Amino acid sequence: MSSITGGVTKVQRTAPAAARTSLWRQAFQKLLKNKLAVSGLIFFIFMFLACFIGPLFSPYADGKSNLAMMNKAPSLKHWLGTDGLGRDVLTRLLQAGRISLTVGFASMVISVCIGSILGAVAAYYRGIVDQIIMRLADLLLTIPGMPILFILGAMLSEWKVPTEYRMYLVMFMLSFIGWPGLARLVRSQMLSIREREFMQAAIVLGLDDKRKLFNHMIPNIAPLIIVVATLSTGGAILSESALSFFGLGVMPPTPTWGNMIEAANSLMDFEKRPWLWIPPGVAIFSTVIAINVFGDGLRDVLDPKQKK
């Protein structure tokens, strides 16, 4: 009798895990059938590897100026030419990609963590906690994001924040304006999950709040969080590029795609030296499009309410 009971208990424990694995496997198989989404993922992986590994094999990675080679057109020695200080544009482009991708990804992670936790807490506890969190989110949502970023960037310049620290502050600036929308979205989903049968069972079993939130409620909206996180990465890269273009984000000599375009701001550069501004512009455009296409494919796969 004990062996039968042990076998039943083992089946009960492994069945939910197997079901979850099967659902994720089905979603992955559906994603593989979406050629456009897979192409976006492949391009993003290629760009990521090129930016983080490519400069290691470049003889121009030290970024030293060479005035004898300034503003040279693309050649076999310099595939994308050189800039106004004689530095290799291709190497600078890949080094700039490191910063832009890091800022975009890190700000996404921070905003997703803050938005998910605050949205879940607001939906679970309701009352005064919900009112405080949601009114703060509403206040931030009423103000356009770019003006806030410009004001914060101008404050960094006024306070003369060192260049090596600006990148980290830009991450927190982008996450500061990114969490309210996700918090409201998570809250709305949590309010629905809060009334379902398995949550009522968790209450009857006497589980503590931490286990209810992190073991039952938040995992049930993981697909939604993954989709929002993927799509918000492209927006963060665009925002960082815009800030750097206007001289309010990451500052030279630290390269980003935005300040590379800003450096080629003269009419002579625009007309005679397109290799200075076209490559970073194409890098921003193609990377953001690839991320958004992949995120759109994820939404089709993970959101059961999504209709083709």
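Counting restarts for each chain: residues are numbered from 1 in the order of the written sequence. Two thresholds apply to this predicted model, a pLDDT of at least 70 for residue-level local features and 80 or more for giving and counting side-chain atom pairs, whereas whole-chain, interface and lining totals are computed over all residues. Heavy atoms from the whole structure form the basis of all side-chain values; hydrogens and water molecules are not counted.

## Quick word on the overall build of the protein chain
A count of helical and extended segments in the protein chain gives 12 helices and zero strands. Each helix and strand of the protein chain, placed in order from N terminus to C terminus, yields the pattern α-α-α-α-α-α-α-α-α-α-α-α. A principal-axis box enclosing the C-alpha atoms of the protein chain has dimensions of 85 × 45 × 35 Å. Only protein chains enter the accessibility calculation, which uses a 1.4 Å probe; a residue whose area is less than 20% of its type maximum is buried, one above 50% is exposed, and one in between is partly exposed. Looking at the protein chain as a whole, 38% of its 308 residues qualify as buried. Residue contacts are defined here by distance: any two heavy atoms, one from each residue, within 4.5 Å place the two residues in contact. In the protein chain, of all internal contacts separated by at least 6 residues, the share reaching a separation of at least 24 is 70%. If you sum the accessible surface of the protein chain, you get close to 17400 Å²; carbon and sulfur atoms cover 68% of it. Strands here mean DSSP runs of E at least two residues long; helices mean DSSP runs of H or I at least four residues long; both are numbered from the N terminus. Note on areas: Shrake-Rupley, 1.4 Å probe, and residue coverage restricted to the protein chains presented here.

## Quick look at the UniProt feature "transmembrane region" (unreviewed entry) in the protein chain
UniProt positions are given in the numbering used here, feature names are shortened, and annotations may be inferred rather than shown by experiment. Following the UniProt record, one finds the feature "transmembrane region" (unreviewed entry) at residues 36-57, 99-124, 136-156, 168-186, 221-248 and 275-298. Spanning residues 99-124, this segment combines 100% helix with 0% strand, and its end C-alpha atoms are found 37 Å apart. With 88% helix and 0% strand, residues 275-298 has end C-alpha atoms that lie 35 Å from one another.

## Side note on the pattern of salt bridges
Once their charged atoms are close, side chains differing in charge can pair, the charge on each being opposite to the other. The working definition used for a salt bridge is a side-chain nitrogen of Lys or Arg within 4 Å of a carboxyl oxygen of Asp or Glu. A complete count under the given rule lists six salt bridges for this structure. The partner of D130 in a salt bridge is R187, and the shortest N-O contact between them spans 2.8 Å. Placement of the pair is D130 in helix α4 (residues 127-142) and R187 in helix α6 (residues 163-193), with a sequence separation of 57 residues. Overall, D130 belongs to the buried group, its relative accessible area being 5%. Residue classification places R187 among the buried positions, given a relative accessible area of 18%. For R135, the salt bridge identified is with D138, shortest N-O distance 2.7 Å.

## Describing the nonpolar core
To define a nonpolar core, start from buried Ala, Val, Leu, Ile, Met, Phe, Trp, Tyr and Cys residues and group those joined through side-chain atoms within 4.5 Å. Ranked by internal contacts, the top residues of the largest apolar core, which has 18 residues, are C51, L101, I237 and W257. Looking at this core, the elements with two or more residues in it are α2 (35-53), α3 (89-125), α10 (257-263) and α12 (278-302). If we ignore the near neighbours within four places in the chain, the residues touching C51 are L94, G97, R98, L101 and W257. Membership of the second largest hydrophobic core comes to 16 residues, among which are A123, I193, L213 and M217.

## Some thoughts on the packing of aromatic side chains
In this analysis, rings of Phe, Tyr and Trp, with Trp reduced to its six-membered ring, are considered paired at centre separations within 6.5 Å, and the interplanar angle assigns stacked below 30 degrees, edge-to-face beyond 60, and tilted for intermediate values. Counted by the stated rule, this structure contains six aromatic pairs. Ring geometry for F44 versus F48: centroids 6.5 Å apart, planes at 40°, classification tilted. Of the two residues, F44 and F48 are both situated in helix α2; the distance of four residues between them amounts to about one turn of the helix. Relative accessible area serves as the criterion here: at 23%, F44 is assigned to the partly exposed category. Note on Y124 and Y125: the rings are 5.0 Å apart at their centroids and 85° apart in plane angle, and the pair reads as edge-to-face.

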